[in-house]
Amino acid sequence: MNRTVFLGALAAAGVTAGVAGAATLDDVKARGVLNCGVNTGLVGFAAPNAEGEWEGFDVAVCRAVAAAVLGDPSAVEFVSLTGKTRFTALASGEIDMLSRNTTWTFTRDVDLKFEFTGINYYDGQGFIVPRELGVSSATELDGASICIQTGTTTELNLADYFRKNNMEYDPVPIETNAEALQLYNEGSCDAYTTDASGLAASRATFENPGDHVILPEIISKEPLGPLVRHGDNEWGDVVRWTLNALIAAEELGITSANIDELSQGTNSPEINRILGTEGNLGEMLGLDPDWAVRAIKAGGNYGEIFARHIGESTPIGLARGLNAQWTEGGLMYAPPFR
Amino acid sequence: MASVTDPEPPRESFRLSMLLNDTRYRGYTFQFIALLLLILFMAYLGWNLVRNLVDQGQDISFEFMGQPASYDINQRLIPYDSQDTHLRAAFVGVLNTLLVAFLGCVTATVLGVLAGVLRLSKNWLVAKLMAFYVEIFRNVPVLIWILIIFFVMTAALPAPSAFRGDDPDSSMLFGAFAFTNRGVYVPRPIWEAGSAIVVAVFLASLVAVFAYRRYATKLLYDTGRLLPMGWPSLAILIVPTLLAFFALGQPISLEYPELRGFNFQDGIQVRGSLIALWFALAIYTGAFIAENVRAGIMSVSHGQTEAAAALGLRPRRIMSLVILPQALRVVIPPVISQYLNLTKNSSLAIAVGYMDVTGTLGGITLNQTGRAIESVMLLMLFYLVISLTISAVMNLYNNAVKLKER
Amino acid sequence: MSDTHAQAAQLAFVRTETIPPAPPPVAEAGIVKWLRENLFSSVGNTLLTLVSLWAIWWVLSATMPWIFNGVWNADSLRECREILDGATGACWAVIRERWTQLLFGVTYPADSYWRPTLAFVLLFVALAPVLFPKAPRNLLPFTAIYPFLAYFLVWGGSVWVPVMAAAGFVVGYLVFQRLVAQSFAMGFFGAIAAALVFWSLSGLVTPTLTAIAPVTLEAVPSRDMGGFMLNLILGTVCVSLSLPIGIALALGRQSDMPIIKWICVIFIEFIRGVPLITLLFVANVVLAYFLPPNSTFDLILRVIIMITMFASAYIAEVVRGGLAALPKGQYEAAAALGLDYPQAMRLIILPQALKISIPGIVNVAVGLFKDTTLVSVIAMFDLVGMIRGPILASTEWNGVYWELFGFAAALFFVVCYGISQYSQWLERQLQTERR
């Protein structure tokens, strides 16, 4: 009876034979929409707001790439993915890039055949505990119940850390961040472990944030960044240098406020090269000269994006720390635009 | 359906068009086409698979099952640590699945039979209440029930820290059972020398109880003498075991759970996620079983009840001797397929973080190794084996019932 | 007679008029009798009643203040807590603020909410002649158009796509009518071929038609579907698709052609042997490997394929039950009339077998509709996915569990209970007809 809905869907919306593989860039241009994989919901990094607009730190990267390639930061189709589905979605071409707080690891890069195009957030795994527990170091957590979000590298780090320190623990795996927090708040586990950024973001949502301490130990390195499929280097370059343009823009003082003025031409050759008034960097990427201008205009430079979504003035309140520019003691270091 | 016609029709020589038009050969044509299409379809899928794998530089191999899993599992029925292989992790998950499925089936049966019988009760309130239970659980997705029950448990039960201090908010039941939102802690029996004898005595008394009951039934049928059943059975069951227990100097002792550090230590921990999943599955499936039981009881014609009453049987005996044995034949096949559903629904364990086989093999292993095809294939294989086994049991039972019937 | 009267007159006292009937004793009438018989007929029963009353009181006393003391106006859980100030109460404000997301998902365009709503309302109109024998027959043409209309309403885009799809069916049907006289198989496959040819040709004219007569609604891609709407879409589409497939599978399983029989048996047993969630994993992470390289299917379409396969296996078993329940005489009578297999099936066997299987099919449909919530496990934002994903992850509503899950449970209960009541009603109808 309703069989035709299916056929109709097949005819109209279904088999969108997007040619992925070799020429993602052409594909995205032809489609007019960037398919970007994001988290199903992590405050500050990727979550739809009450109006249904996706926003967050990872989302901003997608928007910048869409702006650079398509000229429209809203030409993004956000595909929400769980830890389990993200890699298949990317490998199968369902999404063009994955910007879902994904840790850059050897196996993901080499064995799963993905290309990490840079790092937009240096994270590390930490613990949060209730203050009343009187724990001040992760080494005092012997025998504790610890909530973890299943399907992430945090599970492996946790196992390694406790094994290394010869401690016992009781893992309480749970599927989503929100549910893990619920368990933690009800006392079903003594500590909750995830990326330190996530801990800060979560603490912000607690009834009394002051009652919880984030322990000083960071037990892992979690360089998070966007990734694309192996083998399509042109597309990888576009994503990589869009991210680099955002980072370099902050270093060079290009902001969304002064970019219109700067893109008229300046005395700094590097700014000119990024903004396309000098040289032909855009052409080399297969884009037009204004690509970086649009990318930066989409949400501002790296610093602005950071401040708007997860910075100290937001409920999440993350300090720049490792994510400051290299000139300010951080690790954000964009290769030269030359 | 070959029909016999008197004069043998003149034998036609075979023509190609007969493959389509002649009903004798058309079947072969269809089958051939179907088979061909199937093979082509499979080949198409296989060819796509190969090309995709080549494109992405991947392969299909089960080597990863032999590598260290490097994650921990909180509920282990066999020894396991993070250095063991993915294969062993999967096996731990399999055992957890079987555990929750077994517990769920037993509880669901008890609940279902109770609710099904009570729904037919003459007590209006009870009947309505049971109808309410059945409807409300049958008509809401089991995933929502699992989540709700899990969060009810975490919210309603105290955290272990509530047991701490000089004047704790909560205390252990009989000093032996601790109900916390991390699970229920129960005493663990410690088997010392001589405990084997106690167990043997217990088993022997079990056998004796059955023997006694058989004897009593036989006596009833042969002579009409009714021996008491209840208390002698109980006595046979308990007294010798207790005697042996004390005679041997109490070889079995209990290790009570005790709050040390962050958690209760010692004793047996029945995890919150297990309890939530177990209860949710049992209550949900119980509602379906209740309906099956009710339908089964109602399928026994009223004349049977009246005839039994005319023979002078009391209501309880009518139920146990006349109605239930007949209803059982109708009830058991659908109930077994409910068991099957329960086992399959236990794969929703992932929603509450219970580490069943979907959580280990289909969850963390799949995530960490990225071996999607292999993991999902093994996972399906496991469930398929379970289902086919249960189906086989059901068929055996059906055949057995059939034989008795005719 | 008179003799007795005479005797009566001699006695000291004899009542000559009948006494008016006395009211029955208090314990044997009205509410007291009802209570006695239904609630307190024996010690055990009384005990049961008391236990039930206690249970009801216990549940109500825990939930009622919470439900009725709820806060409806607040912007976040924190605000709710401030308003409640320690008192028990739900935070219904979350439903108030997010109900559109719960019903339609995050990304469905807000100004188009009327479209799925209208499609939903029309669904009842379209289903009425199928579900209720007494509904006006002249609604049937609308039932036939409904799928195309619903597609147009929900997905939008050019009206010519569904129109062409419908025209393809008409073409197929016409071809079938012409060829069926020769043989059913010929008509059937000819119709499929004709429809396919028509569709592939219509792909060429649709853009032109759209240019000439641009009747369009804003196109909404499938992955923007979410919330309870997604559950409803998956439920209705998969059930309706699985009906014909399920019937075909059931016939195949009963067939005496061994190869076809075994294909059907293996398919059915395989699908019934694995949990739906593993099939969804397949849709989500494995199916992409089996499709031509560089082609992508919508996730929703892959899920529809998998759920349809799942449902058809179950429906096949129900229909098989119906086929088996038919007396053998029906088959033999059909053969005696000289009907061939397709004719016998279409005219004699299936109408009866399907009638017997309707309650079973409805049960499968309800179960399937409930199972559509499992798509939340593979990160689709259906009703449960919306709750567990975006809403609980938001800063404002992190920690609102009961209200949201209660709302979800209530929605499902209303729909599923409605369907199962319908099924019971239908069962009663069918029973009386057979007697």
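Residues numbered from 1 in each chain as written. Chains lettered and ligands numbered in written order. Predicted model: local features only at pLDDT ≥ 70, side-chain atom pairs only at ≥ 80, totals over all residues. Heavy atoms only, no water.

*Asks:* Please provide a residue-by-residue account of the overall build of chain C, values included.
*Replies:* Looking only at helices and strands, chain C has 17 helices and 2 strands in total. Relative to its length of 435 residues, chain C is extended, with a C-alpha radius of gyration of 31 Å against a globular reference of 22 Å. Overall size of chain C, expressed as C-alpha extent along the three principal axes, is 115 × 80 × 45 Å. A buried classification covers 48% of the 435 residues belonging to chain C. Once local pairs closer than 6 in sequence are excluded, the contacts in chain C between residues at least 24 apart make up 67%. When the accessible surface of chain C is totalled, it reaches about 21200 Å², and 69% of it is carbon and sulfur. In chain C, the 25 positive side-chain charges and the 24 negative ones have mean positions that sit 9 Å from each other. (Helix = DSSP H or I, 4+ residues; strand = E, 2+ residues; numbered from the N terminus. Rg over C-alpha atoms; globule rule 2.2 N^0.38 Å. Buried < 20%, exposed > 50% of the residue type's maximum accessible area, 1.4 Å probe, protein only. Contact = heavy atoms within 4.5 Å. Areas by Shrake-Rupley, 256 points an atom, 1.4 Å probe, with all protein chains shown as cover. Lys, Arg positive; Asp, Glu negative; His and termini not counted. Charge placed at Lys NZ, Arg CZ, Asp CG, Glu CD.)

*Asks:* Hey, could you go over the sheet that holds strand S11 (residues 191–195) of chain A for me, with residue numbers and the actual values?
*Replies:* All names here are of chain A. Across the sheet, which stays open at both edges, the 5 strands sit in the order S10-S9-S11-S8-S12 with mixed pairing between neighbours. One side of each edge strand has no neighbouring strand; the edge strands of this open sheet are strand S10 (169–174) and strand S12 (212–214). Taken over all neighbouring pairs, the strand axes of this sheet differ in orientation by 30° on average, direction set aside. The sheet contacts of helix H6 (residues 153–164) involve strand S8 (125–130), strand S9 (144–149), S10 and S11, and relative to S9 the element is tilted by about 155°. (Pairing = 2+ DSSP bridges. Axes fitted to C-alpha atoms, helices over the stretch in contact; angles between N-to-C directions.)

*Asks:* Please provide a residue-by-residue account of the UniProt feature "transmembrane region" (unreviewed entry) in chain C, values included.
*Replies:* Residues and elements named next belong to chain C. Under the present numbering, the feature "transmembrane region" (unreviewed entry) in UniProt falls on residues 46–68, 113–132, 188–216, 228–251, 263–287, 299–319, 374–393 and 399–419. With 100% helix and 0% strand, residues 46–68 has its two end C-alpha atoms placed 32 Å apart. The span residues 299–319 is 100% helix and 0% strand, and its two end C-alpha atoms sit 30 Å from each other. (UniProt positions renumbered as here; feature names shortened; annotations may be inferred.)

*Asks:* Lay out the interface of chain B and chain C with the relevant residues and their values.
*Replies:* Contact with chain B, which involves 56 residues of that partner, is made by 57 residues of chain C. Regarding the contact of chain B and chain C, the summed buried area is about 5100 Å², with carbon and sulfur atoms giving 74% of it. On the surface where chain B and chain C come into contact, there are 0 salt bridges. Scanning the region where chain B abuts chain C turns up 13 residue pairs in polar contact (both at pLDDT 80 or more). Elements with a contribution of two residues or more to the side of chain B that touches chain C: helix H2 (23–55), helix H4 (124–138), helix H5 (142–156), helix H8 (272–299), helix H10 (315–345), helix H11 (357–369) and helix H12 (372–405) of chain B. A total of 15 residues in the side of chain B that touches chain C trace back to one element, the largest contributor, which is H2 of chain B. Across the side of chain B that touches chain C, the residue classes break down as 36 nonpolar, 13 polar and 7 charged. (Buried area = accessible area lost by both parts, 1.4 Å probe. Salt bridge = Lys/Arg side-chain N within 4 Å of Asp/Glu carboxyl O. Polar contact = N/O pair within 3.5 Å; in protein donor to acceptor, adjacent residues only side chain to side chain. Nonpolar A, V, L, I, M, F, W, Y, C, P; charged D, E, K, R; others polar.)

*Asks:* So what's going on with the side chain of glutamine 31 of chain B? Residues and values would help.
*Replies:* Looking at the secondary structure, you find glutamine 31 of chain B in helix H2. The contact partners of glutamine 31 of chain B, leaving out residues within four places of it in the chain, are Met257, Pro258, Ile259 and Ile260 of chain C.

*Asks:* So what about the side chain of threonine 97 of chain B? Which residues, and what values?
*Replies:* Looking at the element boundaries, threonine 97 of chain B is found in helix H3 (residues 86–119). The residues contacting threonine 97 of chain B, other than those within four sequence positions of it, are Ser346, Asp356, Val357, Phe382 and Tyr383 of chain B.

*Asks:* Tell me what's going on with the UniProt feature "transmembrane region" (unreviewed entry) in chain B, and back it up with residues and numbers.
*Replies:* Residues and elements named next belong to chain B. In the numbering used here, UniProt assigns the "transmembrane region" (unreviewed entry) feature to residues 28–47, 98–121, 142–163, 190–212, 233–252, 272–290, 348–366 and 378–397. Structurally, residues 142–163 comprises 68% helix and 0% strand, and the distance from its first C-alpha atom to its last is 33 Å. Its end C-alpha atoms 29 Å apart, residues 378–397 is made of 100% helix and 0% strand.

*Asks:* Account for the sheet that holds strand S7 (residues 268–271) of chain B, naming residues and giving values.
*Replies:* Pairing between sheet strands relies on hydrogen bonds along the backbone, with the strands arranged either parallel or antiparallel. Residue and element names in this part refer to chain B. Reading across the sheet, the 3 strands line up as S1-S2-S7 and stay open at both edges, with antiparallel pairing between neighbours. Each of the sheet's edge strands pairs with one partner strand only, and the pair in question is strand S1 (178–180) and S7. Between one strand axis and the next, the sheet turns by 15° as a mean value, whatever way the strands run. Docked against the sheet, H8 engages strand S2 (183–186) and S7, running at close to 50° with respect to S7.

*Asks:* I'd like a description of the domain arrangement of chain C, backed by residues and values.
*Replies:* When the domains of chain C are assigned, the result is domain 1 (30–69), domain 2 (92–108 + 224–430) and domain 3 (157–217). With centres defined by C-alpha atoms, the gap from domain 1 of chain C to domain 2 of chain C works out at 39 Å. (Domains from an automatic or database assignment.)

*Asks:* Please provide a residue-by-residue account of the state of the cysteines, values included.
*Replies:* Covalent bonding between the sulfur atoms of two cysteines is what defines a disulfide. Tallied over the entire structure, the rule returns 3 disulfides over all chains. Sulfur-sulfur distance for the disulfide between cysteine 147 of chain A and cysteine 189 of chain A comes to 1.9 Å. Here the S-S torsion is close to -95°, and the disulfide linking cysteine 147 of chain A with cysteine 189 of chain A is therefore left-handed. With cysteine 147 of chain A in strand S9 and cysteine 189 of chain A in the loop between helix H7 (177–185) and S11, the pair connects residues that are 42 residues apart, well separated along the chain. As far as burial versus exposure is concerned, cysteine 147 of chain A and cysteine 189 of chain A are alike and both buried. The thiol of cysteine 416 of chain C is unpaired, and the distance to the nearest cysteine sulfur, on cysteine 238 of chain C, comes to 15 Å. Accessibility expressed as a relative area gives 0% for cysteine 416 of chain C, which makes it buried. (Disulfide = S-S within 2.5 Å.)

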